[in-house]
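# Summary of the model geometry
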Amino acid sequence: MASILPVSDLKNYNEVLKNCQVGEPVFLTKNGRGRFVVMDIEDYERDKAEKNCWRNCMRQRRLLKMGIAG
């Protein structure tokens, strides 16, 4: 389960990092509102790869609609 902590908890960043595990990001709030996310590097890299894959798929779809790719 994701943790939600105030950004001021970063003063004790070792405790914040202990809460950050694969599949469990830590959400940091500032003035009671979501502001930052700390996540495991594996999650970040996977999310980035998925985003790139979707971007490429959408690009190919646009090209196919325009009749440019095939």
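To start, this report covers the structure provided alongside it.

Assignment of secondary structure puts Asp43 in helix H2 (residues 41-66). A distance of 2.5 Å separates the side chain of Asp43 from the backbone nitrogen of Gly23, its partner in a polar contact.

It is worth spelling out the pairing of strand S1 (residues 3-6) at this point. Two faces make up the sheet, and in a regular strand the side chains alternate between them. Only one face of S1 is buried: it carries Ser3 and Leu5, and the other face, with Ile4 and Pro6, is open. For the handedness criterion, the β-α-β arrangement of S1, helix H1 (residues 13-19) and strand S2 (residues 26-30) is classed as right-handed.

On inspection of all chains with the given rule, the structure shows four salt bridges. Measuring nitrogen to oxygen at the nearest pair gives 3.5 Å for the salt bridge that ties Arg46 to Asp47. Accessibility expressed as a relative area gives 42% for Arg46, which makes it partly exposed. A residue is classified by how much of its surface remains accessible, and Asp47, at 32% relative accessible area, is partly exposed. A salt bridge links Glu50 to Arg46; its shortest N-O distance comes to 3.7 Å. Of the two residues, Glu50 and Arg46 both sit in helix H2, four residues apart, roughly one turn of that helix. One salt-bridge network, in which partners are shared between bridges, spans Asp43, Arg46, Asp47 and Glu50.

Time to look at the nonpolar core. Side chains of a nonpolar character, in soluble globular proteins, are inclined to be buried together. Ranked by size, the top nonpolar core spans five residues in total: Leu5, Val16, Cys20, Val26 and Leu28. Residues within four places of Val26 in sequence aside, it is in contact with Ser3, Leu5, Val16, Asn19, Cys20, Phe36, Val37 and Val38.

Another aspect to go through is the sheet that holds S1. Strand-to-strand pairing in sheets goes through backbone hydrogen bonds, with the strands running parallel or antiparallel. Sheet architecture is open: three strands sit in the order S1-S2-S3, paired in mixed fashion. A single partner strand is all that each edge strand has here, and the edge strands are S1 and strand S3 (33-38). Each adjacent strand pair in this sheet contributes to an overall mean axis angle of 35°, direction not counted. Relative to S3, S2 runs antiparallel, the two sharing five bridges. Paired with Thr29 across the two strands is Gly34, which belongs to S3.

Basis of the calculations
Position labels on residues start from 1 in each chain and follow its written sequence. At least 70 in pLDDT is required for a residue's local features to be given in this predicted model, at least 80 for side-chain atom pairs to be given and counted, and no such filter applies to totals for whole chains, interfaces and linings, which use all residues. Note that water and hydrogens are dropped before the side-chain values are worked out from all heavy atoms of the structure. We count a stretch as a helix when DSSP gives it H or I for four or more residues in a row; a strand needs E for two or more, and each element gets its number in order from the N terminus. For the purposes of these results, a polar contact is taken to be a pair of N or O atoms within 3.5 Å, where, inside protein, one atom must be able to donate a hydrogen and its partner to accept one; residues adjacent in sequence count only when each atom of the pair is a side-chain atom. We call a residue buried when its accessible area falls under 20% of the maximum for its residue type, exposed when it is over 50%, and partly exposed in between, using a 1.4 Å probe and counting protein chains only. By the criterion used throughout, a crossover qualifies as right-handed when its path from the first strand across the helix to the second strand runs clockwise, the strands pointing away from the viewer. What counts as a salt bridge is simple: a side-chain nitrogen of Lys or Arg found within 4 Å of a carboxyl oxygen of Asp or Glu. Grouping buried Ala, Val, Leu, Ile, Met, Phe, Trp, Tyr and Cys residues that are joined through side-chain atoms within 4.5 Å yields what is termed a nonpolar core. We call two residues in contact when some of their heavy atoms are within 4.5 Å. Two strands pair under a simple rule: DSSP has to find at least two bridges between them. Only C-alpha atoms enter the line fits that serve as axes; for helices the fit covers just the stretch in contact. Angles between N-to-C directions range over 0 to 180 degrees.

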